[in-house]
Amino acid sequence: MCQVTQHAANNLFLHHFYDGGVHGIEYAKPIHMKIAIAQWQGRVSPVFDVSDRLCLIDIEGQREVSKESAVLKIHNPFGRAKEVAGLGTNVLLCGAISHVLENALLAAGVQVIGFLCGELDAVISAFLQGRLNDDRFFMPGFCGQRQRHRFRGVRGK
């Protein structure tokens, strides 16, 4: 279940995912933002550290306004984080990601929602609707462990 509220003063949509218990995951989405999804053959790439393609989506409010592809050229974690941030990315949606690369992205100002899987269009739609808590978007081994799911740079309750 996801609750979405808009905080106009902060220009944010606040999403809170409930796992059925008292724990939840909360993240804020600016009204104007850019998300990047590590992609491979029309799906979320299983491992971001070795992925070289991104799907970049500009979002206004809760709708997609443009979509383009980008090819990443840098492989070391700190250079890659700088490259992703340099594309104007606010949030990266990806599959598995190393702690080093995840922390480098956070330091570069990119929010990371990792360990996701699925078809790109379904993941984009779920993100826009605040439904990424659906078990079908978690990589195998993460279903039922939402409070332990690594949503870094995001305040957990």
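Computed from a predicted model, the values in this text were never measured in an experiment.

Novice: Any chance you could explain the overall build of the chain here in plain terms?
Specialist: Counting its regular elements, the chain contains three helices and ten strands. Start at the N end of the chain and walk to the C end: the helices and strands fall as β-β-β-β-β-β-β-α-β-α-β-α-β. Surface summary for the chain: the accessible area is close to 7600 Å², and the carbon and sulfur share equals 53%.

Novice: Help me out: how do you make sense of the environment of N133 in this one?
Specialist: In this fold, N133 is placed in the loop between α3 (120-129) and β10 (151-152). A relative accessible area of 9% places N133 in the buried class. N133 sits 17 residues away from L116 along the chain, and the two C-alpha atoms are 9.8 Å apart.

Novice: Just checking my understanding: could you explain the nonpolar core for this structure?
Specialist: Where a protein is soluble and globular, its nonpolar side chains tend to be buried together. Residues F48, L54, V84, L92, C94, I97 and L105 are the most contacted members of the largest nonpolar core, which totals 21 residues. Among the elements of the structure, β4 (32-40), β6 (53-60), α1 (77-86) and α2 (99-107) are those that each provide at least two residues to this core. With three residues, the top contributor of residues to this core is α2. Here C94 is in contact with A38, V44, F48, V112, I113, G114, F115 and L116, once residues within four sequence places are set aside. If you look at the next biggest cluster of nonpolar residues, it comprises 19 residues, including I57, I59, L93 and V123.

Novice: Quick question: what am I supposed to make of α1 here?
Specialist: Two residues of an α-helix separated by three or four positions point the same way, owing to the 3.6 residues in each turn. What α1 keeps buried is the set G79, R80, A81, E83 and V84. Each element contacted by the buried residues of α1 is listed here: β6, β7 (63-71) and α2. Here α1 starts with a cap whose side-chain oxygen sits 3.2 Å from the backbone nitrogen of F78, and that cap is N76.

Novice: What's the story with the packing of α1 against α2 in this structure? I'm lost.
Specialist: When two helices pack together, their arrangement is captured by the angle between the axes and the distance separating the axes. Running from amino to carboxyl end, α1 crosses α2 at an angle of 40 degrees, the nearest separation of the two axes being 8 Å. By the angle between their axes, α1 is oblique relative to α2. Every pair of crossing elements has a handedness; the one defined by α1 and α2 is right-handed. Every residue of α2 that contacts α1 at P77, F78, R80, A81 and V84 is listed here: V100, L101, A104 and L105.

Novice: Sorry, what's going on with α2 here?
Specialist: Taken together, the buried positions of α2 are L101, E102, A104 and L105. Along the axis of α2, the buried residues cluster in a sector spanning 160 degrees; they form a single face.

Novice: Whenever I open this one, the pairing of β6 confuses me. Can you help?
Specialist: A regular strand carries its side chains on alternate faces of the sheet. The pairing of β4 with β6 spans seven bridges and is antiparallel. Across the sheet, the residue bridging to A36 is L56, located in β6. Strand direction decides the pairing type here: β6 and β7, joined by eight bridges, are antiparallel. By the bridge assignment, I57 is partnered in β7 with K67. Between β6 and β7, which follow one another and run antiparallel, lie two residues, and G61 among them has a positive phi close to 65 degrees.

Novice: Whenever I open this one, the pattern of salt bridges confuses me. Can you help?
Specialist: Pairing between side chains of opposite charge can happen when the charged atoms of each approach one another. Across all of its chains, the model carries four salt bridges by this definition. With its nearest N and O atoms 3.9 Å apart, the salt bridge here joins K67 to E64. With relative accessibility at 32%, the residue E64 sits in the partly exposed group. The salt bridge partner of D134 is R136, with a shortest N-O separation of 3.5 Å. The class of D134 is partly exposed, set by a relative accessible area of 29%. A cluster of three or more residues bridged by salt bridges with shared partners is formed by E64, K67 and D121.

Conventions we followed
- Residues numbered from 1 in each chain as written.
- Predicted model: local features only at pLDDT ≥ 70, side-chain atom pairs only at ≥ 80, totals over all residues.
- Heavy atoms only, no water.
- Helix = DSSP H or I, 4+ residues; strand = E, 2+ residues; numbered from the N terminus.
- Areas by Shrake-Rupley, 256 points an atom, 1.4 Å probe, with all protein chains shown as cover.
- Buried < 20%, exposed > 50% of the residue type's maximum accessible area, 1.4 Å probe, protein only.
- Core = buried A, V, L, I, M, F, W, Y, C linked by side-chain atoms within 4.5 Å.
- Contact = heavy atoms within 4.5 Å.
- Polar contact = N/O pair within 3.5 Å; in protein donor to acceptor, adjacent residues only side chain to side chain.
- Axes fitted to C-alpha atoms, helices over the stretch in contact; angles between N-to-C directions.
- Parallel < 35°, antiparallel > 145°, perpendicular 65-115°, else oblique.
- Left-handed = near helix turned anticlockwise from the far one by under 90°.
- Arc of directions from axis to C-beta.
- Pairing = 2+ DSSP bridges.
- Salt bridge = Lys/Arg side-chain N within 4 Å of Asp/Glu carboxyl O.

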